Amino acid sequence: MASNININVKNAVIFITVCVVILYFTGIPLLNKQLKFINMKELLSVSIEVAERGGIRVKTVRESSSLGETSKGKTKEGVNDVLTAGDLQSHLTMMNGFKLAFPGLKVISEEHTKKTADFKMDTSVPKKNSEEVASLTKTETVPLADVTVWIDPLDATKEYSENLRQYVTTMVCVAVKGQPVIGVIHRPFTGETAWAYVGVGYSSNLKVAKKEDLAKEPHKIIVSMSHAGEVKNLTTKKLGGKVEIVSAAGAGYKTLEVVKGSVNAYVHTTLIKKWDICAGNAILRAVGGNMTTLKGNQIDYSGAGSPLNDKGLLATLADHAKYLIIGT
Ligand SMILES: *[C@@H]1O[C@H](CO)[C@@H](O)[C@H](O)[C@H]1NC(C)=O
Ligand SMILES: *[C@@H]1O[C@H](CO)[C@@H](O)[C@H](O)[C@H]1NC(C)=O
(Lines give C-alpha, C1' and ligand atoms only; values in the text may rest on other atoms or scores of the structure.)
(Ligands and ions follow the chains in the order given, each with its own letter.)
Protein backbone atom coordinates (compact mmCIF):
# COMPACT_ATOMS: atom_id res chain seq x y z
CA MET A 1 0.00 0.00 0.00
CA ALA A 2 2.70 2.51 1.07
CA SER A 3 4.82 1.69 -1.96
CA ASN A 4 1.74 2.19 -4.21
CA ILE A 5 1.28 5.76 -2.93
CA ASN A 6 4.98 6.32 -3.46
CA ILE A 7 4.68 5.32 -7.12
CA ASN A 8 1.66 7.64 -7.56
CA VAL A 9 3.56 10.55 -6.04
CA LYS A 10 6.51 9.77 -8.31
CA ASN A 11 4.19 9.68 -11.35
CA ALA A 12 2.59 12.95 -10.34
CA VAL A 13 6.00 14.60 -9.98
CA ILE A 14 7.05 13.29 -13.40
CA PHE A 15 3.72 14.43 -14.91
CA ILE A 16 4.01 17.95 -13.49
CA THR A 17 7.64 18.23 -14.58
CA VAL A 18 6.73 17.20 -18.13
CA CYS A 19 3.87 19.75 -18.16
CA VAL A 20 6.17 22.56 -17.01
CA VAL A 21 8.75 21.62 -19.65
CA ILE A 22 6.09 21.54 -22.40
CA LEU A 23 4.66 24.91 -21.26
CA TYR A 24 8.11 26.41 -21.15
CA PHE A 25 8.95 25.45 -24.71
CA THR A 26 5.56 26.06 -26.31
CA GLY A 27 3.42 28.21 -24.03
CA ILE A 28 5.88 30.99 -23.33
CA PRO A 29 6.76 31.61 -26.98
CA LEU A 30 3.01 31.78 -27.64
CA LEU A 31 2.60 34.44 -24.96
CA ASN A 32 5.57 36.35 -26.39
CA LYS A 33 3.92 36.39 -29.80
CA GLN A 34 1.30 38.81 -28.51
CA LEU A 35 4.09 41.33 -27.86
CA LYS A 36 5.41 40.91 -31.37
CA PHE A 37 2.83 43.29 -32.85
CA ILE A 38 2.45 47.00 -32.27
CA ASN A 39 -0.52 49.33 -32.64
CA MET A 40 0.48 52.33 -34.76
CA LYS A 41 -1.92 54.78 -33.12
CA GLU A 42 -0.45 53.90 -29.73
CA LEU A 43 3.02 54.28 -31.19
CA LEU A 44 2.06 57.73 -32.55
CA SER A 45 0.74 58.80 -29.15
CA VAL A 46 3.96 57.70 -27.48
CA SER A 47 6.10 59.29 -30.23
CA ILE A 48 4.47 62.69 -29.64
CA GLU A 49 5.02 62.49 -25.89
CA VAL A 50 8.60 61.28 -26.31
CA ALA A 51 9.46 64.14 -28.72
CA GLU A 52 7.97 66.62 -26.24
CA ARG A 53 9.86 65.11 -23.29
CA GLY A 54 13.07 65.46 -25.29
CA GLY A 55 12.09 69.06 -26.01
CA ILE A 56 11.76 69.81 -22.30
CA ARG A 57 15.40 68.75 -21.78
CA VAL A 58 16.51 70.78 -24.83
CA LYS A 59 14.80 73.89 -23.44
CA THR A 60 15.90 73.33 -19.85
CA VAL A 61 19.57 72.98 -20.81
CA ARG A 62 19.37 76.06 -23.10
CA GLU A 63 18.00 78.09 -20.23
CA SER A 64 20.56 76.78 -17.72
CA SER A 65 23.94 78.38 -17.10
CA SER A 66 25.91 75.95 -19.29
CA LEU A 67 25.31 74.01 -22.51
CA GLY A 68 28.19 71.62 -21.77
CA GLU A 69 29.37 72.10 -25.33
CA THR A 70 31.92 69.79 -26.98
CA SER A 71 32.80 69.05 -30.60
CA LYS A 72 32.20 65.83 -32.55
CA GLY A 73 34.66 67.07 -35.20
CA LYS A 74 33.93 68.76 -38.49
CA THR A 75 31.20 67.97 -41.02
CA LYS A 76 32.01 67.42 -44.71
CA GLU A 77 31.32 71.12 -45.30
CA GLY A 78 33.91 72.00 -42.65
CA VAL A 79 31.32 73.15 -40.12
CA ASN A 80 32.03 72.47 -36.47
CA ASP A 81 29.78 69.55 -35.42
CA VAL A 82 28.80 70.46 -31.87
CA LEU A 83 27.36 68.30 -29.13
CA THR A 84 25.71 69.73 -26.04
CA ALA A 85 24.15 68.49 -22.82
CA GLY A 86 20.85 69.31 -24.56
CA ASP A 87 21.52 66.60 -27.19
CA LEU A 88 22.52 64.01 -24.60
CA GLN A 89 19.76 64.67 -22.08
CA SER A 90 17.16 64.64 -24.83
CA HIS A 91 18.63 61.41 -26.24
CA LEU A 92 18.56 59.62 -22.88
CA THR A 93 15.02 60.82 -22.17
CA MET A 94 13.67 59.85 -25.59
CA MET A 95 15.34 56.43 -25.67
CA ASN A 96 14.02 55.71 -22.18
CA GLY A 97 10.50 56.83 -23.11
CA PHE A 98 10.30 54.27 -25.90
CA LYS A 99 11.86 51.58 -23.73
CA LEU A 100 9.22 52.15 -21.05
CA ALA A 101 6.30 52.05 -23.48
CA PHE A 102 7.46 49.39 -25.95
CA PRO A 103 10.29 47.17 -24.76
CA GLY A 104 11.92 45.44 -27.73
CA LEU A 105 11.17 48.27 -30.19
CA LYS A 106 14.10 49.08 -32.50
CA VAL A 107 15.11 52.72 -32.03
CA ILE A 108 17.99 54.43 -33.86
CA SER A 109 19.20 57.74 -32.44
CA GLU A 110 21.61 60.34 -33.72
CA GLU A 111 23.40 60.21 -30.38
CA HIS A 112 25.14 57.46 -28.46
CA THR A 113 26.39 57.63 -24.94
CA LYS A 114 27.50 55.29 -22.22
CA LYS A 115 26.70 57.95 -19.64
CA THR A 116 23.70 57.58 -17.41
CA ALA A 117 21.36 60.45 -16.68
CA ASP A 118 22.82 63.10 -14.36
CA PHE A 119 19.51 64.99 -14.33
CA LYS A 120 16.01 64.16 -13.17
CA MET A 121 14.56 62.00 -15.92
CA ASP A 122 10.84 61.51 -16.50
CA THR A 123 10.42 57.80 -15.76
CA SER A 124 6.65 57.50 -16.15
CA VAL A 125 5.35 55.37 -19.03
CA PRO A 126 4.32 57.62 -21.96
CA LYS A 127 0.57 57.57 -22.71
CA LYS A 128 -0.58 55.25 -25.51
CA ASN A 129 -3.95 56.94 -25.93
CA SER A 130 -3.42 60.67 -25.67
CA GLU A 131 -5.95 63.35 -26.57
CA GLU A 132 -3.87 64.35 -29.61
CA VAL A 133 -4.58 61.07 -31.37
CA ALA A 134 -8.12 60.56 -30.10
CA SER A 135 -9.62 61.94 -33.33
CA LEU A 136 -7.97 59.27 -35.47
CA THR A 137 -10.51 56.63 -36.36
CA LYS A 138 -8.15 54.37 -38.30
CA THR A 139 -5.09 52.52 -37.12
CA GLU A 140 -3.07 49.44 -38.01
CA THR A 141 -1.35 46.74 -36.07
CA VAL A 142 1.98 45.77 -37.56
CA PRO A 143 4.67 43.23 -36.70
CA LEU A 144 7.20 44.76 -34.33
CA ALA A 145 9.97 43.32 -36.50
CA ASP A 146 8.88 45.55 -39.42
CA VAL A 147 9.19 48.75 -37.37
CA THR A 148 12.23 51.04 -37.14
CA VAL A 149 12.02 54.24 -35.11
CA TRP A 150 14.44 57.09 -35.89
CA ILE A 151 15.00 59.83 -33.35
CA ASP A 152 16.80 63.12 -33.58
CA PRO A 153 17.06 64.37 -30.00
CA LEU A 154 18.10 67.87 -31.13
CA ASP A 155 18.15 69.02 -34.74
CA ALA A 156 20.22 72.16 -35.51
CA THR A 157 22.64 71.87 -32.59
CA LYS A 158 24.99 74.49 -33.98
CA GLU A 159 22.18 77.06 -34.12
CA TYR A 160 21.01 75.92 -30.67
CA SER A 161 24.47 76.73 -29.30
CA GLU A 162 24.22 80.16 -30.98
CA ASN A 163 20.75 80.68 -29.47
CA LEU A 164 19.01 80.68 -32.88
CA ARG A 165 16.05 78.92 -31.29
CA GLN A 166 13.57 78.99 -34.17
CA TYR A 167 15.45 76.28 -36.09
CA VAL A 168 15.65 73.80 -33.22
CA THR A 169 13.44 70.69 -33.22
CA THR A 170 13.25 67.22 -31.72
CA MET A 171 12.02 64.53 -34.11
CA VAL A 172 10.61 61.03 -34.13
CA CYS A 173 9.94 58.97 -37.24
CA VAL A 174 8.36 55.54 -37.49
CA ALA A 175 9.24 53.50 -40.57
CA VAL A 176 7.43 50.30 -41.46
CA LYS A 177 9.33 47.98 -43.81
CA GLY A 178 11.63 50.91 -44.58
CA GLN A 179 8.87 53.37 -45.52
CA PRO A 180 8.26 56.48 -43.39
CA VAL A 181 4.74 56.21 -41.93
CA ILE A 182 4.66 58.43 -38.83
CA GLY A 183 6.50 61.73 -38.45
CA VAL A 184 6.67 63.98 -35.39
CA ILE A 185 8.47 67.35 -35.38
CA HIS A 186 8.41 69.22 -32.07
CA ARG A 187 9.62 72.79 -31.57
CA PRO A 188 10.79 73.05 -27.97
CA PHE A 189 10.85 76.84 -27.84
CA THR A 190 7.33 77.42 -29.13
CA GLY A 191 5.88 74.21 -27.71
CA GLU A 192 4.28 73.23 -31.04
CA THR A 193 4.22 69.64 -32.22
CA ALA A 194 3.47 68.79 -35.83
CA TRP A 195 2.68 65.15 -36.52
CA ALA A 196 1.32 63.01 -39.31
CA TYR A 197 0.37 59.40 -39.89
CA VAL A 198 0.35 58.55 -43.61
CA GLY A 199 -3.12 57.65 -44.87
CA VAL A 200 -4.72 58.28 -41.48
CA GLY A 201 -4.38 61.92 -40.48
CA TYR A 202 -2.23 64.81 -39.32
CA SER A 203 -2.17 67.51 -36.64
CA SER A 204 -4.36 70.58 -37.14
CA ASN A 205 -1.40 72.92 -36.63
CA LEU A 206 0.06 71.70 -39.95
CA LYS A 207 -1.15 74.48 -42.23
CA VAL A 208 -0.71 72.73 -45.54
CA ALA A 209 -0.51 75.13 -48.49
CA LYS A 210 -2.81 74.61 -51.45
CA LYS A 211 -0.74 73.32 -54.34
CA GLU A 212 -2.33 75.76 -56.78
CA ASP A 213 -1.44 78.70 -54.51
CA LEU A 214 2.29 78.05 -54.72
CA ALA A 215 4.02 80.77 -56.72
CA LYS A 216 5.65 79.35 -59.84
CA GLU A 217 8.46 81.90 -60.14
CA PRO A 218 10.90 82.77 -58.86
CA HIS A 219 11.54 79.22 -57.72
CA LYS A 220 12.05 79.55 -54.00
CA ILE A 221 14.51 76.94 -52.78
CA ILE A 222 15.27 76.41 -49.11
CA VAL A 223 18.73 75.13 -48.38
CA SER A 224 21.13 74.52 -45.53
CA MET A 225 23.26 77.51 -44.58
CA SER A 226 26.36 75.34 -44.98
CA HIS A 227 26.07 74.92 -48.75
CA ALA A 228 23.73 77.66 -49.95
CA GLY A 229 26.21 78.99 -52.54
CA GLU A 230 26.65 75.63 -54.20
CA VAL A 231 22.88 74.97 -54.41
CA LYS A 232 22.28 78.45 -55.75
CA ASN A 233 24.73 77.84 -58.60
CA LEU A 234 23.29 74.42 -59.36
CA THR A 235 19.60 75.39 -59.25
CA THR A 236 20.12 78.63 -61.18
CA LYS A 237 21.78 76.64 -63.94
CA LYS A 238 19.18 73.86 -64.03
CA LEU A 239 16.04 75.95 -63.57
CA GLY A 240 17.16 78.75 -65.84
CA GLY A 241 17.70 81.86 -63.82
CA LYS A 242 14.67 82.69 -61.74
CA VAL A 243 15.75 81.23 -58.43
CA GLU A 244 15.54 82.66 -54.95
CA ILE A 245 17.57 80.93 -52.27
CA VAL A 246 16.35 80.92 -48.68
CA SER A 247 18.98 79.60 -46.32
CA ALA A 248 17.94 78.13 -43.01
CA ALA A 249 19.08 75.59 -40.47
CA GLY A 250 17.51 72.35 -39.35
CA ALA A 251 16.06 69.70 -41.66
CA GLY A 252 12.86 69.60 -39.60
CA TYR A 253 12.44 73.37 -39.86
CA LYS A 254 13.06 73.37 -43.62
CA THR A 255 10.57 70.60 -44.30
CA LEU A 256 7.86 72.47 -42.39
CA GLU A 257 8.55 75.52 -44.58
CA VAL A 258 7.85 73.32 -47.63
CA VAL A 259 4.57 72.10 -46.10
CA LYS A 260 3.48 75.70 -45.38
CA GLY A 261 4.24 76.70 -48.96
CA SER A 262 6.81 79.36 -47.98
CA VAL A 263 9.14 77.76 -50.52
CA ASN A 264 8.75 75.48 -53.56
CA ALA A 265 11.45 73.01 -52.67
CA TYR A 266 14.01 71.96 -50.09
CA VAL A 267 17.23 70.87 -51.76
CA HIS A 268 20.28 69.25 -50.18
CA THR A 269 23.23 68.15 -52.30
CA THR A 270 25.65 66.77 -49.72
CA LEU A 271 25.46 63.95 -47.20
CA ILE A 272 22.50 63.99 -44.83
CA LYS A 273 21.58 61.60 -42.01
CA LYS A 274 18.34 59.67 -42.03
CA TRP A 275 17.27 60.79 -38.53
CA ASP A 276 17.33 64.35 -39.93
CA ILE A 277 14.90 63.66 -42.74
CA CYS A 278 12.69 60.67 -41.88
CA ALA A 279 10.05 62.57 -39.86
CA GLY A 280 9.76 65.25 -42.54
CA ASN A 281 9.53 62.57 -45.20
CA ALA A 282 6.57 60.94 -43.41
CA ILE A 283 4.84 64.31 -42.92
CA LEU A 284 5.29 65.27 -46.58
CA ARG A 285 3.92 61.91 -47.73
CA ALA A 286 0.93 62.33 -45.41
CA VAL A 287 0.01 65.76 -46.81
CA GLY A 288 0.44 64.80 -50.48
CA GLY A 289 3.98 66.08 -50.99
CA ASN A 290 7.08 64.11 -51.74
CA MET A 291 10.65 63.62 -50.57
CA THR A 292 13.19 61.62 -52.56
CA THR A 293 16.88 61.62 -53.41
CA LEU A 294 17.90 64.13 -56.07
CA LYS A 295 17.55 61.29 -58.59
CA GLY A 296 13.93 60.69 -57.58
CA ASN A 297 14.50 57.48 -55.62
CA GLN A 298 12.74 56.64 -52.36
CA ILE A 299 14.94 56.63 -49.27
CA ASP A 300 15.08 53.41 -47.27
CA TYR A 301 14.54 53.81 -43.52
CA SER A 302 14.62 50.14 -42.56
CA GLY A 303 17.83 50.67 -40.63
CA ALA A 304 19.56 47.89 -42.54
CA GLY A 305 22.65 49.41 -44.08
CA SER A 306 23.90 52.93 -43.65
CA PRO A 307 22.11 55.68 -41.69
CA LEU A 308 23.55 58.15 -44.20
CA ASN A 309 21.87 59.35 -47.36
CA ASP A 310 24.52 60.52 -49.81
CA LYS A 311 22.28 60.76 -52.87
CA GLY A 312 21.02 64.28 -52.23
CA LEU A 313 17.54 65.36 -51.23
CA LEU A 314 14.51 66.95 -52.89
CA ALA A 315 11.41 67.75 -50.86
CA THR A 316 8.36 69.40 -52.40
CA LEU A 317 4.65 69.84 -51.84
CA ALA A 318 3.95 70.02 -55.58
CA ASP A 319 5.73 69.67 -58.93
CA HIS A 320 8.22 67.13 -57.60
CA ALA A 321 9.00 65.67 -61.01
CA LYS A 322 9.67 69.16 -62.41
CA TYR A 323 12.24 69.94 -59.72
CA LEU A 324 14.07 66.65 -60.22
CA ILE A 325 15.83 68.36 -63.13
CA ILE A 326 18.12 69.82 -60.45
CA GLY A 327 19.60 66.36 -59.94
CA THR A 328 20.19 65.56 -63.59
C1 LIG B 1 29.10 79.80 -57.66
O2 LIG B 1 29.37 80.40 -58.90
C3 LIG B 1 30.19 81.56 -58.82
C4 LIG B 1 30.24 82.23 -60.20
O5 LIG B 1 30.40 81.29 -61.23
C6 LIG B 1 31.56 81.16 -58.30
O7 LIG B 1 32.40 82.26 -58.20
C8 LIG B 1 31.40 80.49 -56.93
O9 LIG B 1 32.63 80.00 -56.47
C10 LIG B 1 30.39 79.36 -56.98
N11 LIG B 1 30.13 78.93 -55.60
C12 LIG B 1 30.09 77.66 -55.23
C13 LIG B 1 29.88 77.42 -53.77
O14 LIG B 1 30.17 76.73 -56.01
C1 LIG C 1 7.55 60.97 -55.58
O2 LIG C 1 8.45 61.22 -56.63
C3 LIG C 1 8.92 60.08 -57.29
C4 LIG C 1 9.94 60.52 -58.31
O5 LIG C 1 9.37 61.46 -59.21
C6 LIG C 1 7.76 59.31 -57.91
O7 LIG C 1 8.24 58.13 -58.47
C8 LIG C 1 6.73 59.01 -56.83
O9 LIG C 1 5.61 58.41 -57.42
C10 LIG C 1 6.32 60.27 -56.12
N11 LIG C 1 5.40 59.96 -55.05
C12 LIG C 1 4.32 60.68 -54.79
C13 LIG C 1 3.50 60.20 -53.66
O14 LIG C 1 4.02 61.66 -55.43
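Note: the structure precedes this text.
The rules behind each value
- Counting of residues starts from 1 at the beginning of each chain's written sequence and follows it residue by residue.
- Think of it this way: whatever chain is written first is A, whatever ligand is written first is 1, and the rest follow in order.
- Only residues with pLDDT of at least 70 get local features here, since the model is predicted, and only at 80 or more are side-chain atom pairs given and counted; chain-wide, interface and lining totals rely on the full set of residues.
- Derived side-chain values reflect all non-hydrogen atoms in the structure, with water molecules and hydrogen atoms excluded from consideration.
- Here, strands pair whenever DSSP counts at least two bridges between them.
- Here a strand is any run of E in DSSP of at least two residues, a helix any run of H or I of at least four, and the numbering for each starts at the N terminus.
- Throughout, near means a residue has at least one heavy atom within 4 Å of the molecule or strand.
- Polar contact criterion, stated in full: a pair of N or O atoms within 3.5 Å, where within protein one must be able to donate a hydrogen and the other to accept it, and residues adjacent in sequence count only if both atoms are side-chain atoms.
- Only the protein chains shown count as cover for residues, and the accessible areas themselves come from Shrake-Rupley with a 1.4 Å probe.
- Counting rule for disulfides: a pair of cysteine sulfur atoms within 2.5 Å.
- Exposure classes here rest on a 1.4 Å probe applied to the protein chains alone. A residue is buried below 20% of its type maximum, exposed above 50%, and partly exposed in between.

### Let's talk about the sheet that holds strand E10 (residues 201-202)
Taken together, six strands build an open sheet; the order of strands is E4-E6-E7-E8-E9-E10 and the sheet is mixed. Looking at the sheet topology across the chains shown, the edges are occupied by strand E4 (107-109) and E10. Sheet analysis places strand E9 (residues 192-197) next to E10, joined by two bridges and oriented antiparallel. The partner of alanine 196 across the bridge, within E10, is tyrosine 202.

### Regarding the site of ligand 1
As a structural note, the neighbourhood of ligand 1 is formed by Gly229, Glu230 and Asn233. Within the side chain of asparagine 233, an N or O atom sits 2.3 Å from an oxygen atom of ligand 1. Within the complex, the protein chains bury 25% of what would otherwise be the 370 Å² of accessible surface of ligand 1.

### So, the state of the cysteines
In the structure shown here, the tally under the stated rule is one disulfide. Between cysteine 173 and cysteine 278 runs a disulfide, and the two sulfur atoms are separated by 2.0 Å. Judged by the sign of its S-S torsion, about -50°, the bond between cysteine 173 and cysteine 278 is left-handed. Here cysteine 278 lies in helix H7 (residues 274-286) and cysteine 173 lies in strand E7 (residues 169-176), a separation of 105 residues in the sequence. Take cysteine 173 and cysteine 278: they sit in the same class, and that class is buried.

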